[in-house]
Amino acid sequence: MAMRFKRSGIFRQTMRGFALLCAFSALLMSCAQRPQRAMIWTDIPELAIAAQIFNRENDQFAVDIEYKAEAATELKTTTAPPSLVIAKYLLSKPLLKRFDSIDALFSKYYLDPNDLYPTLLDAGRQGTSHLLVPVSFDCMLLVEKKRDGASSGVTTIDAGALENSSQAFTTRVDGKLGAMGFSPRWDLSFAEDWILAAGAGFSVNSSWKTAAVPKPNDPNSWPILWSGEHLSSSILELSKLTSGATTEEQNSFSFTYFSKPGYQLLLDNRILYWPMKASDYFKLPYTVKRRLQYRFPVINQKILLTPDTRYMGIPKSAKNKRAALAFARWLLVPENQQKIWKEMETQQLLPEYIGPFGGFSSLIQMNNQTFRTYFPEYALNPLIEGTLPPQPALPDYWCSFSKDFLHHWLDVVLSETVDVQSIEENFQTSLERYLGTMPNWFSAVQ
């Protein structure tokens, strides 16, 4: 005869407690095994590939990528910052103060500062602390048709040589331009990069308040500051680089011949130089590049950096900073960047994308070795470490400011006969008029 035991209330409570204890222990084990996740804001889509590789290789940490086209601007207003930001326009003073020190990369994670370009690294430092670390950069090139017997090696060109060779190349047929050496108006991004390299000094006016009203004829009361002296001198220098052609001749020449891409005009011997971002040049088909060569335009022996140098930093009050630091260090290991290149090659993303960051790596070794592996033509004229200038601390709204105002102003002023005084007056008047339109970034300036 089977015996039955009646379960008492104490028994049921004991078993319920045991079940809860088992469930709680399982939860603890699950949490212990679950990697700490860092949220990353970035304007570099290719970093999604880096995140995939990092997450596959790590049990302790993981990262999630969120694309932010205007990451710097969003960081100013968010109350829930990400664990890590990798983006352009992070260097301005109002943004720099939003980041914690990232010195642990060098002390605890043993990143050698000598592996990075020193001028880029210094730009992210405040006092003795590193708040931002460079990830990538781009620069401007002047492309030309490859000449027979042209020697390889480091080739730069300054304003004087550019002016002289452009004028010598320019020819007229029946009073009209048949060939033209160069004009800065062909690519206003080149003109922009030129004035920045010359020290135009555009930066955020830290003393300006959102509720303030800019005062006429008082630039110090405006949200953006600049160096009038360097701006004027750089415009005067640019105005000499028009191959000796009048504005009317330039306009007619462009209307007649610029239905073709710039590199084709080079191959047709229609122009002598064509300005291009390095990242755009290396995307050209090899069949085209083998007939071309390039030089680095320089001011005071320094190349022209584009404004979109990417930095990374950890915002104050960010969560999961250990995971953010782990990924930041992983990203700055040459072998890991090589893995990203290889994965991009496997996914047939090269050369439509120039490596994992859309430009040159901040790691010197990567450009000296891996970059030239994928783009052998780079070995004929590589970057030299000492030619990189300091990176200007541009406002986070620079892209809008440049597109909506600066390029238009550069085109106008380079079409006129100018002197120092007229340049300064023209710029102030034009900027005051532009600010009066209340551009979107203006109301959000902090």
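These numbers come from a predicted model, not from an experiment.

The rules behind these values
- Residues numbered from 1 in each chain as written.
- Predicted model: local features only at pLDDT ≥ 70, side-chain atom pairs only at ≥ 80, totals over all residues.
- Heavy atoms only, no water.
- Helix = DSSP H or I, 4+ residues; strand = E, 2+ residues; numbered from the N terminus.
- Buried < 20%, exposed > 50% of the residue type's maximum accessible area, 1.4 Å probe, protein only.
- Pairing = 2+ DSSP bridges.
- Core = buried A, V, L, I, M, F, W, Y, C linked by side-chain atoms within 4.5 Å.
- Axes fitted to C-alpha atoms, helices over the stretch in contact; angles between N-to-C directions.
- Parallel < 35°, antiparallel > 145°, perpendicular 65-115°, else oblique.
- Left-handed = near helix turned anticlockwise from the far one by under 90°.
- Contact = heavy atoms within 4.5 Å.
- Nonpolar A, V, L, I, M, F, W, Y, C, P; charged D, E, K, R; others polar.
- Expected span 1.5 Å × (residues − 1).
- Arc of directions from axis to C-beta.

Draft legend 1. Fine view of unusual backbone geometry. With an omega dihedral of 0°, the bond running from Leu350 to Pro351 counts as a cis peptide bond. Positionally, Pro351 belongs in the loop between α15 (334-346) and β17 (360-361). Although it is not a glycine, Asn300 adopts a positive phi angle of roughly 55°. Here Asn300 lies in the loop between β14 (292-299) and β15 (302-303). Positioned with a positive phi, Ser317 is a non-glycine residue whose angle comes to about 65°. If you trace the backbone, Ser317 turns up in the loop between β16 (310-313) and α14 (321-331). By relative accessible area, which is 58% here, Ser317 ends up exposed.

Draft legend 2. Structural context of the pairing of strand β2 (residues 61-67). As paired elements, strand β1 (residues 36-42) and β2 share 7 bridges and run parallel to each other. Counted as the bridge partner of Ile40 is Ile65 from β2.

Draft legend 3. Quick peek at the nonpolar core. Core analysis: the biggest nonpolar cluster contains 137 residues, and Phe202, Ile235 and Phe401 have the highest contact counts within it. Ranked by residue count, the leading element in this core is α14, at 8 residues.

Draft legend 4. Just the packing of α15 against helix α16 (residues 364-374), in detail. Where α15 contacts α16, the axes come no closer than 11 Å and their chain directions differ by 20°. On the basis of their axis angle, the class for α15 and α16 is roughly parallel. Regarding α15 and α16, the two cross each other, and that crossing is right-handed. In contact with Pro334, Gln337, Gln338, Trp341, Lys342 and Glu345 of α15, α16 contributes Gln365, Met366, Thr370, Phe371 and Tyr374. Along the lines of polarity and charge, the residues of the contact of α15 with α16 split into 5 nonpolar, 4 polar and 2 charged.

Draft legend 5. Spatial organisation of the packing of helix α17 (residues 398-413) against helix α18 (residues 420-435). Running from N to C, α17 and α18 point in directions that differ by 145°, and their axes come no closer than 11 Å. Along this stretch, α17 crosses α18, giving a crossing that reads as right-handed. Packed against α17, whose contacting residues are Ser400, Phe401, Asp404, Phe405, Leu406, Trp409 and Val413, the element α18 presents Ile423, Asn426, Phe427, Ser430, Leu431 and Tyr434 at the interface. Class assignment for the residues of the contact of α17 with α18 results in 9 nonpolar, 3 polar and 1 charged.

Draft legend 6. How the structure looks around helix α9 (residues 228-239). Here α9 is 12 residues long and its end C-alpha atoms lie 16 Å apart, about the 16 Å a rise of 1.5 Å per residue gives. Where α9 is buried, its residues meet α8 (188-197), α17 and α18.

Draft legend 7. Quick look at α15. Taking 1.5 Å of rise per residue, 13 residues should cover 18 Å, and α15 covers 18 Å from first to last C-alpha, within 8% of that figure. Taken as a whole, α15 has its buried residues at Pro334, Asn336, Gln337, Ile340, Trp341 and Met344. For α15, the angular spread of the buried residues around the axis is 165°, confining them to a single face. Elements that come into contact with the buried residues of α15 comprise α2 (47-57), α14, β17 and α16. Gln348 occupies a position one or two residues after α15 and carries a positive phi of about 60°.

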